[in-house]
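Fold and contact review
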Amino acid sequence: MALIKQVVPWFNKQEWLDVYKSAFSSNIELQKIAFQQMNIWRFRVPNLCLGIECTQALLHLFICEKKEYSDGSFVFESHDLLPLYTTAIMRFLNHLQGLCDNITLYKMAYKFNIPEWIVNLRHETAHGNNLPHITLLREAALFIFNWLDENYWQRELKAMTDVFVDQSQCIADKDADKTDMLLELWKSVKLYKLVGHINIKEIPNRKEMWEMMKELQNITINTGHNNNNDINNQPSLKYLMK
């Protein structure tokens, strides 16, 4: 079986594994850590995969369930949790249905070994006058949580391996140096433009800037003049900022 390489938001397999163990532990503090790490992953990629997205939504429920005030009373009552549970369950089923082409929720549930009563809960939530009882919603959420463990986390654990990029695949050091130099040049040009300088000849240390330009061999500066070495005849800063 060919190895599928994919850019992921975790640094390595161990980071992913730590989150997996914390998320499915019985320790609420570890689950909070897993939830927070998933938030970090969320900022690293446009979209999290379905398995992590749905796991995090359920972790949020479990954390809210056990959130307490200083006197030991729970922050969220059952009626506060109802919309959170129904939203998480509906999104899970909708995500799964999105993986299939033109099939009903019931056929999708059968395909992925999800009980029909969970689909009924979804329909009752979407079309009924009253939300399902919190006990049923908790049972459905727990089933989905275990389903995600079996169908995403355990499978991913068996298939995942760290892939380290070979040095030859990285940008050559000299190209990286040019990139750094180009960024420094851009920042300098931006700064001088902000203080009102329009042409390079107006800049006090223009010789240093021009030497930097000449070192950037991959950058072509079209001066429009025959004497390209005359620093007084170089293009305006507006041209460089385009």
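Here the structure is a predicted model, which means the values were calculated and not measured.

Turning our eyes to something else, we now look at the overall build of the protein. Helix and strand counts for the protein come out as ten helices and zero strands. Across the protein, every contact between residues at least 6 apart in sequence was considered, and the portion connecting residues at least 24 apart equals 60%. Split by element, the accessible area of the protein, about 16200 Å² in all, is 52% carbon and sulfur.

Below, the discussion takes up the packing of aromatic side chains. Summed over all chains, the structure comprises twelve aromatic pairs. Ring centres 4.9 Å apart and planes at 55° place the aromatic pair Trp 10 and Trp 41 in the tilted group. Taken together, the positions of Trp 10 in the segment before helix H1 (13-23) and Trp 41 in helix H2 (residues 28-44) put the pair 31 residues apart, joining distant regions of the chain. Neither Trp 10 nor Trp 41 differs from the other in exposure class; each is buried. In textbook terms, an aromatic cluster arises when at least three aromatic residues are bridged by ring pairs, as seen for Trp 16, Tyr 20, Phe 24, Phe 62, Phe 145, Tyr 152 and Trp 153.

The contact between H1 and H2 brings their axes to 7 Å, and the two run at 140°. Classified by the angle between their axes, H1 and H2 sit oblique to one another. Considering only the axes of H1 and H2, their crossing is left-handed. Listed contacts from H2 to Glu 15, Trp 16, Val 19, Ser 22 and Ala 23 of H1 are Leu 30, Gln 31, Ala 34, Gln 37, Met 38, Trp 41 and Arg 44. Taken together, the residues that form the contact of H1 with H2 break down as seven nonpolar, three polar and two charged.

Conventions and cut-offs
Residues numbered from 1 in each chain as written. Predicted model: local features only at pLDDT ≥ 70, side-chain atom pairs only at ≥ 80, totals over all residues. Heavy atoms only, no water. Helix = DSSP H or I, 4+ residues; strand = E, 2+ residues; numbered from the N terminus. Contact = heavy atoms within 4.5 Å. Areas by Shrake-Rupley, 256 points an atom, 1.4 Å probe, with all protein chains shown as cover. Phe/Tyr/Trp six-rings, centres within 6.5 Å; stacked < 30°, edge-to-face > 60°. Buried < 20%, exposed > 50% of the residue type's maximum accessible area, 1.4 Å probe, protein only. Axes fitted to C-alpha atoms, helices over the stretch in contact; angles between N-to-C directions. Parallel < 35°, antiparallel > 145°, perpendicular 65-115°, else oblique. Left-handed = near helix turned anticlockwise from the far one by under 90°. Nonpolar A, V, L, I, M, F, W, Y, C, P; charged D, E, K, R; others polar.

Any link to function would need more than the numbers given here.
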